[in-house]
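Here is what each chain is made of, one letter per residue.
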Amino acid sequence: AAVATSLPLLLDVLTALFRRMFDRVRSHWFIAGALAGLGIGVAYYLLGPIGYFSGRSGLGELLTINSELTSLQLAGLTFGKLIVTAWSLATIYRGGFVFPQLLVGMSMALLLSGGIPDSSWLFTLLYASFFGIFTGALGSMLVAAAFVLTLFGTTALPLLVAAAAGSLLIKTIFKKQFASKATV
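Please read these numbers as outputs of a predicted model, since none were measured by experiment.

Asker: Explain the overall build of the protein residue by residue, including any values.
Answerer: Along the protein, the regular secondary structure elements total 9 helices and 0 strands. Its C-alpha atoms give the protein a radius of gyration of 17 Å, within 12% of the compact-globule value 16 Å for 184 residues. Counting only C-alpha atoms, the protein reaches 55 × 40 × 25 Å along its principal axes. Of all 184 residues assigned to the protein, the portion counted as buried reaches 42%. Of all intrachain contacts in the protein linking residues separated by at least 6 positions in sequence, the fraction that spans at least 24 positions is 73%. Of the accessible surface of the protein, which amounts to about 9,800 Å², a share of 70% is contributed by carbon and sulfur atoms. If the 11 positive side-chain charges of the protein are averaged to one point and the 5 negative ones to another, these points end up 16 Å apart.

Okay, structure coming up:
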């Protein structure tokens, strides 16, 4: 959960970096459009079909095909989707930022669970990464708990406490970065 909580902060840093780069050419609409399209095109070419991800259905697809993916592909998907989401948010493309980060969290959980055949370990990592992503993206552990409990139910309530401890650690370390996010 601690690592997953920090991923939305990395997304914020990347978005700000890309926005500064893109603002230099924004007044030249043709160059700005070509640059934005080229960046998205290259990123999606490198990520492959799973990187096109749109909404909740992509999470199920990733879970279904995860055994076909190597650790390198999962790591590439984790950071590649972060980069393409930041690029989209910084340029002329629009879209959500929570669901793409859930894909990032799921690919990270699948990467960390690789080689461990026990499915409860994967469930634990998914639970913790989703809690961390929601906390990092929305800034509120209470809202994150509500979302995770809605997705997974109350059967893993002890995991919620453990995930909250990891997220709280990151929120404490990066207090300044969380100040601009929701504070419920």
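Asker: I'd like a rundown of the packing of aromatic side chains, residues and numbers included.
Answerer: The final tally for this structure, using the stated rule, is 7 aromatic pairs. With centroids separated by 5.8 Å and ring planes inclined at 50°, the aromatic side chains of Phe-130 and Phe-152 adopt a geometry described as tilted. Here Phe-130 is found in helix H6 (residues 119-138), whereas its partner Phe-152 is found in helix H7 (residues 141-152), with 22 residues between them in sequence.

About the cut-offs
Residues numbered from 1 in each chain as written. Predicted model: local features only at pLDDT ≥ 70, side-chain atom pairs only at ≥ 80, totals over all residues. Heavy atoms only, no water. Helix = DSSP H or I, 4+ residues; strand = E, 2+ residues; numbered from the N terminus. Rg over C-alpha atoms; globule rule 2.2 N^0.38 Å. Buried < 20%, exposed > 50% of the residue type's maximum accessible area, 1.4 Å probe, protein only. Contact = heavy atoms within 4.5 Å. Areas by Shrake-Rupley, 256 points an atom, 1.4 Å probe, with all protein chains shown as cover. Lys, Arg positive; Asp, Glu negative; His and termini not counted. Charge placed at Lys NZ, Arg CZ, Asp CG, Glu CD. Phe/Tyr/Trp six-rings, centres within 6.5 Å; stacked < 30°, edge-to-face > 60°.

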